[in-house]
Amino acid sequence: MACVVASRDLRTPAVFALETLAVAACYYAGGRLGLLRHMSVGGAVVSPVWPPTGVAVACLLILGLRCWAGIALGALFVLVHLTTLRLSSLGVLVGNTAAPVCGYLLLRRVGFRTDLGRLRDCLALVFLGAFAAMLISSSIGAGLLVATGDLPGEDFWGVWLAWWVGDAMGVLLVTPLLLVLRTVRAPVRLSRWKEVLGLTVTTAVLVPLATHSPASVLFSVYPLLIWSALRFELAGSMVCALYASVLATLAATDRVGPFEHLSDVEIMINLQAFNGAMALTALLLSAVITEQHNTRRSVERACQELVEVLEHLTAGEPPPGRPSREEGGGRRDTRG
């Protein structure tokens, strides 16, 4: 017995170390992806969508609070890649770690479920995990830039807003996708595969045209979101939303299509409005549809159980799990 306990004690630090390194690697990979396309606001470099925040919140919801060390380590790796470490870097590191942790604690407080099968869970992720929690990282980051003299005071609100929206978009676009892909099951029917192929081809053709056309037809993406949400619920709609967001970000940073003749601030506003509206549409519509499907399945199961009970009653047999009248009477006579 002592050997077994000792073996478990030795394994626990090893598992924690591996989890920490895995979370740090995923955070750093998300950061490198986010830095591939960035924009300048008020002289500061910001990413329209910051995937590491979505990765961090998803890891916390899946692994628990113990993975905060991996988030901090990954944020440190990103900072080392970006700039030389200074005293102000410590504040940015604390903010980037504290924001996802606070979002996780807020979600736990309201009974958040990672399957995202209820509308209340998606609303909690939007308003608590994204909008509220990411105020911490943006406030600390922009405040430190002003305090250290790296950012003029008049540019504080522009950088703060861009920082906050980028972090929030990371949670809205990346976290739901990572949570749902853990439990998604591929359709087995041939008709479903045909529909998947049709939706994939249509999305692959229409979204690049919409995001790179100078005619400002970004709204044409929304029917694809509705189609994917109706037929494939959250998994399909979030994949479609993330793909459209990536292409829209590429078009915005390249200043092509509907972003060609806009200023930096106008590009940021239009891009974030599109990404935000698209993420909210995909997330909330899918949640409503999933909740309706779950309610319908519950009603069908209840009706099936009622039919079985009625069949036993009409056949003169006791319902499943209940004693017959003779058995009940025998027990009453025995006690008497």
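Here the structure is a predicted model, which is why all the values come from computation and not from measurement.

K.L.:
Before we go on, may I ask you to explain the UniProt feature "transmembrane region" (unreviewed entry) in the chain in this structure?
P.N.:
UniProt annotation of "transmembrane region" (unreviewed entry) refers to residues 14–35, 55–81, 87–107, 119–141, 161–184, 234–253 and 265–289 when read in the numbering used here. Between the end C-alpha atoms of residues 87–107 the distance is 31 Å, and the span holds 100% helix and 0% strand.

K.L.:
In this structure, what is going on with the packing of aromatic side chains? I would like to understand it.
P.N.:
To describe a pair of aromatic rings, you give the distance between the ring centres and the angle between the ring planes. Per the stated rule, a full pass over the model turns up seven aromatic pairs. Geometrically, the ring pair formed by Y28 and F77 is edge-to-face, given 6.3 Å between the ring centres and 90° between the ring planes. With Y28 in helix α1 (residues 2–36) and F77 in helix α3 (residues 68–82), this pair connects stretches of sequence that are 49 residues apart. Classification of Y28 as partly exposed rests on a relative accessible area of 25%.

K.L.:
I keep staring at helix α7 (residues 156–181) and nothing clicks. Help me out?
P.N.:
One turn of the α-helix equals 3.6 residues, which is why residues spaced by three or four share an orientation. The end-to-end C-alpha separation of α7 is 37 Å, in line with the 38 Å expected for 26 residues at 1.5 Å each. Judged by how many residues are buried, α7 sits mostly within the fold: 21 of 26 residues are covered.

K.L.:
I keep staring at the side chain of T20 and nothing clicks. Help me out?
P.N.:
Tracing the sequence through the fold places T20 in helix α1. With residues up to four places along the chain from it excluded, the contact list for T20 reads A69, G70 and L73.

Calculation notes
Residues numbered from 1 in each chain as written. Predicted model: local features only at pLDDT ≥ 70, side-chain atom pairs only at ≥ 80, totals over all residues. Heavy atoms only, no water. UniProt positions renumbered as here; feature names shortened; annotations may be inferred. Helix = DSSP H or I, 4+ residues; strand = E, 2+ residues; numbered from the N terminus. Phe/Tyr/Trp six-rings, centres within 6.5 Å; stacked < 30°, edge-to-face > 60°. Buried < 20%, exposed > 50% of the residue type's maximum accessible area, 1.4 Å probe, protein only. Expected span 1.5 Å × (residues − 1). Contact = heavy atoms within 4.5 Å.

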